[in-house]
Amino acid sequence: VQLQASGGGLVQPGGSLRLSCAASGRTFSNYVMGWFRQAPGKEREFVAGIDRSGVTTSYTDSVKGRFTISRDNAKNTVYLQMNSLKPEDTAVYYCAASTAIWTSPNLNLYNSWGRGTQVTVSS
């Protein structure tokens, strides 16, 4: 499956952004989807995941209550709504697809990756 992320940009602390990731090439609903991010000088880290049906989600602790992952299988798209953004959320954000059954923070379980989109939180 091919993935294309979009929606990044520059936002002030406390602001919001919604990232989108459009999929093509395979049956989107067969994939668990995840969002990861990588800040300069740091390893890529799991942000959020969603199962194939969109019912079960998971988040890293630092974004719980602020970020929401969702998907629209009819539109082959997964979203990441980011609210109350903080400077430490600044990173390149990547969407990824996995053929695993459940969501996982393990990036090695994700088979396909999109090109990242930059999110910068700064005043």
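Residues numbered from 1 in each chain as written. Predicted model: local features only at pLDDT ≥ 70, side-chain atom pairs only at ≥ 80, totals over all residues. Heavy atoms only, no water.

What about the side chain of D89?
Moving on, step 1. By the element assignment, D89 lies in the loop between β8 (77–82) and β9 (91–98).
Moving on, step 2. Engagement of the side chain of D89 in a polar contact is seen with the side chain of R37, the distance being 2.9 Å.
Moving on, step 3. One polar contact links the side chain of D89 to the main-chain amide nitrogen of K86, over a distance of 2.8 Å.
Moving on, step 4. Excluding anything up to four places from it in sequence, D89 contacts R37, R66, F67, S84, V119 and V121. (Helix = DSSP H or I, 4+ residues; strand = E, 2+ residues; numbered from the N terminus. Polar contact = N/O pair within 3.5 Å; in protein donor to acceptor, adjacent residues only side chain to side chain. Contact = heavy atoms within 4.5 Å.)

Topic: the sheet that holds strand β1 (residues 2–6)
Moving on, step 1. What the four strands build is an open sheet, ordered β1-β3-β8-β7; its pairing is antiparallel. The two strands at the open ends of the sheet, each matched to only one other strand, are β1 and β7 (67–72). This sheet shows a mean twist of 15° between the axes of neighbouring strands, independent of strand direction.
Moving on, step 2. In this structure, β7 lies alongside β8, joined through six bridges in antiparallel fashion. Looking at β8, one finds that T68 is bridged to Q81. (Pairing = 2+ DSSP bridges. Axes fitted to C-alpha atoms, helices over the stretch in contact; angles between N-to-C directions.)

Details of the packing of aromatic side chains
Moving on, step 1. Applying the stated rule across the entire model yields four aromatic pairs.
Moving on, step 2. Considering the side-chain rings of F36 and F46, the 5.6 Å spacing of their centres and the 75° angle between planes classify their relative orientation as edge-to-face. Of the two residues, F36 sits in strand β4 (residues 32–38) while F46 sits in strand β5 (residues 45–50), which places them 10 residues apart along the sequence. When sorted by exposure, F36 lands in the same class as F46, which is buried.
Moving on, step 3. With centroids separated by 4.9 Å and ring planes inclined at 55°, the aromatic side chains of F36 and W113 adopt a geometry described as tilted. Here F36 is found in strand β4, whereas its partner W113 is found in strand β10 (residues 112–113), with 77 residues between them in sequence. (Phe/Tyr/Trp six-rings, centres within 6.5 Å; stacked < 30°, edge-to-face > 60°. Buried < 20%, exposed > 50% of the residue type's maximum accessible area, 1.4 Å probe, protein only.)

Describing the environment of G41
Moving on, step 1. In this fold, G41 is placed in the loop between β4 and β5.
Moving on, step 2. A relative accessible area of 92% means that G41 is categorised as exposed.

Concerning the layout of surface pockets
Moving on, step 1. Here the largest pocket defines a volume of roughly 160 Å³.
Moving on, step 2. Considering the residues around the largest pocket, the lining is formed by 13 residues, among which R37, A39, K42, E45 and E88 are closest to the centre.
Moving on, step 3. Residue composition of the lining of the largest pocket, by class: two nonpolar, three polar and eight charged. (1 Å grid on protein atoms, 1.4 Å probe; cavity = no way out; pocket = protein on both sides within 12 Å on 5 of 7 lines; lining within 4 Å. Points joined across faces, edges and corners; volume = space filled by probe spheres on them. Nonpolar A, V, L, I, M, F, W, Y, C, P; charged D, E, K, R; others polar.)

A short note on unusual backbone geometry
Moving on, step 1. The phi dihedral of N76 is positive, around 55°, even though this residue is not glycine.
Moving on, step 2. Counting through the fold element by element, N76 comes out in the loop between β7 and β8.
Moving on, step 3. The class of N76 is partly exposed, set by a relative accessible area of 26%.
Moving on, step 4. Non-glycine residue S84 carries a positive phi angle of around 50°.
Moving on, step 5. Taking the relative accessible area as the measure of exposure, S84 reaches 41% and is therefore partly exposed.

Function-wise, these values are silent; they only describe arrangement.
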